[in-house]
Amino acid sequence: RGAHRAPYLEGLNPEQREAVETLDGAVLVLAGAGTGKTRVLTTRIAHILSLGRARASEILAVTFTNKAAREMKHRIGAMVGEAVEGMPWLGTFHSIGAKILRRHAELVGLKQDFTILDVDDQIRLLKQLIAAADIDEKRWPGRLLATQIDGWKNRGLTPDQVPAGEGAVFGNGRGRDLYAAYQARLKTLNAADFGDLLLETIRLFREHAAVLAQYQSRFKYILVDEYQDTNVAQYLWLRLLAQRPSTGAGSPRTTAPLTSPQRGEVGSRSEPGEGGPSSPSSPSQALSPPHPASGLRPNADLSPQGRGEERAPQKNICCVGDDDQSIYGWRGAEVDNILRFDHDFPGAKVIRLERNYRSTAHILGAASHLIAHNEGRLGKTLRSEGEAGEKVVVSSAWDSEEEARAIGEEIEQLQRRAHRLDEIAILVRASFQMREIEDRFVTLGLPYRVIGGPRFYERAEIRDAMAYLRLVNQPADDLAFERIVNVPKRGLGDAALQSLHDLARTRGVPLLEAAHAMSTSEAVKPKPRAALRDLVAAFDRWRAQRDTLPHTELAEIVLDESGYTEMWQKDRSADAAGRLENLKELVRSMEDFENLQGFLEHVALVMDTDRGEALDAVSIMTLHAAKGLEFDTVFLPGWEEGLLPHQRSLDENGRAGLEEERRLAHVGLTRARKNARISFVSNRRIHGSWTSSLPSRFLDELPEQHVEVLEAKGGFAGYGSAYGSRFDTTAAFGSSYTTPGWRRAQKNRGGFEEDSHEYSQEHEPEGRMRDVSPSHLSPPGRGRP
Ligand code: ATP
Ligand code: MG
């Protein structure tokens, strides 16, 4: 038993050690941020391997991101050295799902080399199906259907399992049929979308007991990180694998396929011979209790005989998570999964870790107080193992440009004091916030990387908008033309575009010029001809306006008249609002440049920097992408009402939305080891007009003893020095102040006086951001009474 003196066990505290060494049965580690949950999982794998309890290939470990998986592999390698052959099945739910699905693709109607569709492909396909079903795509956009189908897939629902009422939403009651048609179409294309990587694996397991049994006996140990953010589909998938293989597993069950297209479905003429009636729910589903959160029946089919009531003993599964870090509710995550672990795995051992090794006492104290304002939580003790450290710094800025400038300066100072840039992160609530920060970094020459998403100017909507502007500026920009010719849809079919290209090629002219010629040609059908005529006329007009109008105004005109903004306004998918925000931010960013040319040049330069990733770079990412990570210094800009908490969450989910926002703030703070720097701005400029914002209510929830409010001439050079006292931060931080306290502090400022009653009226329930025309607002420097 020499392994017990293994070096990797050494620094663990007794609870962590227990979690690592309790190898048999089910274990839930329920513990706060930075208590070593991920470290426990990693060490546990090392322990299993070095004790020889299982071979690497018999371990299944699920992480939340691919990056986390890579890190974990690396650490395990370091702990157990060369002794181990092969590697565990270690990856995200999706990557492991894909791996399993490829091995048995034929059983679910795919070939081994199936394609994994990205969102764009998915939407294009859905649009075709919507058109084939004679549904008005303008009213019922493909993107909306994609969101809905993803939602169903997250909940583990095949088309025939979608509750009738829900299927009725899209296309006047045809959503469910379109979903079925879509699934059938994917099969003929030999393709799977992201959701299928799990859903089809679940179907595989349910319909082929022998396959399921094979994996059940292969995986002797299952480990899951970030368990609080698993959705229903992931939960079902795990539960299937976590059962012991049953003795009768050799004989495949005869269940009708769950996703066979339904009779009379839309747009499925291409799938002859598959039109059998869909299977009813299997008998076992009637026996198992529904999942409390979703109304689903999670343990349907759990035993291969389909006898849900006869629970097979589960095997060795260890899940770790923190209910206070559940931040993917909007994407279908069910924090209840963690709360019902006991029920799902009777006799499970629940281990709590209470020592935080990551953050200083001040940071931990601030974060713990903040999250204590949530009602729906299990509650837990956390104490810091570190020193008191520095207080959490809160500062304000006039606007986000100044905020970005202050962050840049602060980072340069850190750099001068030999801090590594990759120990610094900037965590934002909304992606549009990145633009100003990225711009500032480019100006300063500070290397940075954006984690978990495209950089601001690489986003699809920004590229589209830029393509319009490029083409206005430079009519020969064919790449730009191709990008926008049918965005939004103008009814230009493949044939019309083909002849356009042909014409351009034979005449040796740019596409826009060819479009000119075609727009008057009798040879072209009336509909595409009219579309082209409108398009070239619009570009002629914009080009003329280029020399007379300010470029920001021109940009607004282009985005409006082209129908591009409207396209997103009509779009009801989850990300449409964020894209509109980004578009506004794009126009905003143009104000910093003298003319369109200068702006376009700037973007081209920004796009070019850090092509080759710098090794030592600041990380910029959303709070959502920051889960599980840690940095010495964390900047948290934009703590304002309407941004954090985000207005959309409040509007759509009320109190639950607010609590999820608070968990996000808490995740942000707990990423910091040594320094946490929160900031908020008093003004945002959108579309050239001022938007006045109030500090986040979460600031009031940070306890005074852990917070240092920077005043004029504080740590941030210039931070708030001229006008920082617009918000009398010191007064407002008094413990007796609640959110209205901010308001009171605000009302007493000169310049806002006459607006004050409007403020309080606006705040409920409309939210805390409002447009104030520039004339109502004292310009910088005159803010003081
Ligand atoms: P999160 O909830 O944010 O995912 P976590 O609970 O997974 O956090 P870890 O990332 O595993 O926490 O650990 C946080 C930090 O504390 C890491 O740097 C880790 O190496 C360190 N740590 C964990 N346990 C110990 C220990 N016993 N002694 C010293 N350092 C530790
Ligand atoms: Mg972790």
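Because the structure is a prediction, the values reported are computed rather than measured.

To continue, consider the overall build of the protein. A count of helical and extended segments in the protein gives 30 helices and 19 strands. By the burial criterion, 47% of the 785 residues in the protein qualify as buried.

Before going further, it helps to spend a moment on the environment of Ala 577. In this structure, Ala 577 sits in helix 24 (residues 576-590). Residues Ala 577 and Arg 648, spaced 71 residues apart in sequence, show a C-alpha to C-alpha distance of 9.0 Å.

Compared with an ideal rise of 1.5 Å per residue, which puts 13 residues at 18 Å, helix 6 (residues 142-154) spans 18 Å between its outermost C-alpha atoms and is within 8% of the ideal. Most of helix 6 sits out of view: ten of its 13 residues are buried. By the burial criterion, the buried members of helix 6 are Gly 142, Arg 143, Leu 144, Leu 145, Ala 146, Gln 148, Ile 149, Trp 152, Lys 153 and Asn 154. Gly 156, located one to two residues past helix 6, shows a positive phi value of around 75°.

In regular strands, side chains alternate between the two faces of the sheet. Most of strand 11 (residues 392-399) is tucked away, with seven of its eight residues classed as buried. Examined bridge by bridge, strand 11 and strand 18 (residues 707-709) share three bridges and lie parallel to one another. Looking at the pairing, Val 392 lines up with Val 707 of strand 18.

Axis separation between helix 6 and helix 8 (residues 175-188) bottoms out at 11 Å; the angle between their running directions is 80°. When the axes of helix 6 and helix 8 are compared, the pair comes out roughly perpendicular. The segment helix 6 lies against helix 8, with Leu 145, Gln 148, Ile 149 and Trp 152 engaging Gly 175, Leu 178, Tyr 179 and Tyr 182.

Strand pairing within a sheet occurs via backbone hydrogen bonds; the two strands may be parallel or antiparallel. Taken together, six strands build an open sheet; the order of strands is 3-2-6-7-1-8 and the sheet is parallel. At either margin of the open sheet sits one strand with a lone partner, and together these are strand 3 (89-91) and strand 8 (349-351). Each strand axis lies, on average, 10° off the axis of its neighbour in the sheet, ignoring direction. Where strand 1 (residues 26-30) meets strand 7 (residues 316-321), five bridges bridge the pair, whose relative direction is parallel. Directly across from Leu 28, in strand 7, lies its bridge partner Cys 319. Packed onto the sheet, helix 2 (residues 37-51) meets strand 1, strand 2 (59-62), strand 6 (221-224) and strand 7 and runs at close to 160° relative to strand 7.

Under the UniProt annotation, "coiled-coil region" (unreviewed entry) lies at residues 397-424. Secondary structure across residues 397-424 comprises 61% helix and 14% strand; the distance between its end C-alpha atoms is 20 Å.

Now for helix 3 (residues 66-80). Taking 1.5 Å as the rise per residue, helix 3 with 15 residues should run 21 Å; its terminal C-alpha atoms sit 21 Å apart, in good agreement. Among the residues of helix 3, those classed as buried are Ala 68, Ala 69, Met 72, Ile 76 and Met 79. One side of helix 3 carries all its buried residues, which in axial view fall inside an arc of 100°. For helix 3, exposure combined with an orientation more than 90 degrees from the buried face picks out Asn 66, His 74 and Ala 78. If you follow the buried residues of helix 3, they end up packed against helix 2, strand 2 and strand 3. Downstream of helix 3 by one or two residues, Gly 81 has phi in the positive range, about 65°.

The environment of ligand 1 is formed by 19 residues, the closest being Gly 36, Lys 37, Thr 38, Arg 39 and Tyr 357. Of the residues forming the shell around ligand 1, the biggest block, three residues, is contributed by helix 2. Per-class residue counts for the shell around ligand 1 are four nonpolar, ten polar and five charged. Among the domains, domain 1 (1-114 + 194-257 + 281-353) and domain 3 (361-427 + 619-776) are the pair contributing at least three residues each to the shell around ligand 1.

Below, the discussion takes up the confidence of the model for the protein. Taken as a whole, the protein shows an average pLDDT of 78; of its residues, 78% reach a score of 70 or greater. Within the protein, the element-level pLDDT minimum falls on helix 30 (residues 756-763), averaging 23, and the maximum on strand 15 (residues 631-636), averaging 98. Counted against residues more than four places away or in other chains, residues 249-312, with its pLDDT under 50, gives 122 contacts. Scored below 50 in pLDDT, residues 712-785 shows 106 contacts in the model against residues more than four places distant or in partner chains. Per the prediction output, this complex has pTM 0.71; the corresponding ipTM is 0.99.

Moving on, we come to the pairing of strand 7. Here strand 7 lies mainly inside the structure; six of its six residues are buried. Neither face of strand 7 is open: one carries Asn 316, Cys 318 and Val 320, the other Ile 317, Cys 319 and Gly 321, and all of them are buried. Relative to strand 7, strand 6 runs parallel, the two sharing four bridges. Counted as the bridge partner of Val 224 is Cys 319 from strand 7.

Where helix 22 (residues 551-561) contacts helix 24, the two axes come as close as 8 Å, and the packing angle between them is 155°. Viewed along their axes, helix 22 and helix 24 adopt a mutual orientation that is roughly antiparallel. The two elements helix 22 and helix 24 meet at a crossing, and its hand is right-handed. Contacts between helix 22 and helix 24 involve His 551, Thr 552, Ala 555, Glu 556 and Leu 559 on the former and, on the latter, Leu 583, Val 587 and Met 590. Grouping the amino acids of the contact of helix 22 with helix 24 by side-chain chemistry returns five nonpolar, two polar and one charged.

Reading the values: rules and limits
Residues numbered from 1 in each chain as written. Chains lettered and ligands numbered in written order. Predicted model: local features only at pLDDT ≥ 70, side-chain atom pairs only at ≥ 80, totals over all residues. Helix = DSSP H or I, 4+ residues; strand = E, 2+ residues; numbered from the N terminus. Buried ≥ 20, exposed ≤ 12 C-beta atoms within 10 Å, placed from the backbone. Expected span 1.5 Å × (residues − 1). Pairing = 2+ DSSP bridges. Axes fitted to C-alpha atoms, helices over the stretch in contact; angles between N-to-C directions. Parallel < 35°, antiparallel > 145°, perpendicular 65-115°, else oblique. Contact = placed C-beta atoms within 7 Å. UniProt positions renumbered as here; feature names shortened; annotations may be inferred. Arc of directions from axis to C-beta. Near = placed C-beta within 6 Å. Nonpolar A, V, L, I, M, F, W, Y, C, P; charged D, E, K, R; others polar. Domains from an automatic or database assignment. pLDDT = per-residue confidence, 0-100. Left-handed = near helix turned anticlockwise from the far one by under 90°.

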